[in-house]
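# Results of the structural survey
Here is how the chains run, residue by residue.
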Amino acid sequence: MSAPTTPTTAAPTTGTHRGLRAVLRLDAAASGALGIAAAAGAGVLDTWLGLSSPLLLGVGVFLVVYAAGLVALAARPVVPRPLTWVVVLGNSAWVLMSVALVVGAWEQLTVLGAVVVLAQAAAVAVFADLQWATGLRRP
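Conventions and cut-offs
- Residues numbered from 1 in each chain as written.
- Predicted model: local features only at pLDDT ≥ 70, side-chain atom pairs only at ≥ 80, totals over all residues.
- Heavy atoms only, no water.
- Helix = DSSP H or I, 4+ residues; strand = E, 2+ residues; numbered from the N terminus.
- Buried < 20%, exposed > 50% of the residue type's maximum accessible area, 1.4 Å probe, protein only.
- Phe/Tyr/Trp six-rings, centres within 6.5 Å; stacked < 30°, edge-to-face > 60°.
- Contact = heavy atoms within 4.5 Å.
- Core = buried A, V, L, I, M, F, W, Y, C linked by side-chain atoms within 4.5 Å.
- Expected span 1.5 Å × (residues − 1).
- Polar contact = N/O pair within 3.5 Å; in protein donor to acceptor, adjacent residues only side chain to side chain.

### Quick notes on the environment of leucine 26
- With respect to the secondary-structure elements, leucine 26 resides in helix 1 (residues 15-40).
- Residue classification places leucine 26 among the exposed residues on the basis of a relative accessible area of 52%.
- It is 9.3 Å that separates the C-alpha atoms of leucine 26 and valine 71, two residues lying 45 residues apart in sequence.

Right, dumping it as structure tokens:
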């Protein structure tokens, strides 16, 4: 018989735990794809979006590393609750920073740039909510 997990150390190991793994993997796929696109296309996207090429490159590299971390986290035998909180709070901070970017750089961004930043922020908000619901919320 295995030792029970405590609420402070691990996410539930029920069907919702599988749901958390699926959401983490989906977040990883979306983050990785956006990261590769931003890093590889920084020189072209800067003009289309109104964001600087170094910013796009930096965000792209960050997202690829973040995606790898999510894949590693989803592959763990038990997804620790504290790490799930880090992902949920990090995604929530990303959403807030994205909205702040649009507000603060409104004159610099193109319309397409504002739409892209807000659309990816909305997707990240959905991931944060799903990660909270499948990994942290108690039934």
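### Focus on the packing of aromatic side chains
- Scanning all chains against the criterion turns up two aromatic pairs.
- Aromatic side chains phenylalanine 62 and tyrosine 66 sit 6.0 Å apart centroid to centroid with 15 degrees between the ring planes, which places their arrangement in the stacked category. With phenylalanine 62 and tyrosine 66 both in helix 3 (residues 53-75), this residue pair falls four residues apart, about one helical turn.
- Taking the centre distance of 5.9 Å and the plane angle of 10 degrees together, the rings of phenylalanine 62 and tryptophan 94 count as stacked. With a gap of 32 residues between them, phenylalanine 62 in helix 3 and tryptophan 94 in helix 4 (residues 81-104) connect regions that are remote in the sequence.
- Taken together, Phe62, Tyr66 and Trp94 form an aromatic cluster joined through their ring pairs.

### Regarding the side chain of threonine 84
- Checked against the element boundaries, threonine 84 lands in helix 4.
- Taking the relative accessible area as the measure of exposure, threonine 84 reaches 3% and is therefore buried.

### Focus on the environment of valine 64
- Relative to the assigned elements, valine 64 resides in helix 3.
- What makes valine 64 partly exposed here is its relative accessible area of 34%.
- Considered as a pair, valine 64 and alanine 33 are 31 residues apart in the sequence and their alpha carbons are 7.9 Å apart.
- Setting aside anything within four residues of it in sequence, one finds valine 64 in contact with Gly32, Gly35 and Ile36.

### Topic: the nonpolar core
- Ala42, Leu45, Leu49, Leu51, Leu56, Val102, Ala105, Leu109, Ala114 and Val117 together form the largest nonpolar core, which totals 10 residues.
- Looking at this core, the elements with two or more residues in it are helix 2 (42-49) and helix 5 (111-135).
- With nine residues, the next largest nonpolar core counts Ala28, Ala67, Leu70 and Val87 among its residues.

### Regarding helix 3
- When the terminal C-alpha atoms of helix 3 are compared, their 33 Å separation across 23 residues agrees well with the 33 Å that a helix rising 1.5 Å per residue should span.
- For helix 3, the set of buried residues is Leu56, Gly60, Leu63, Ala67, Leu70, Leu73 and Ala74.
- Where helix 3 starts, the residue carrying a side-chain oxygen 3.2 Å from the main-chain nitrogen of leucine 55 turns out to be serine 52.

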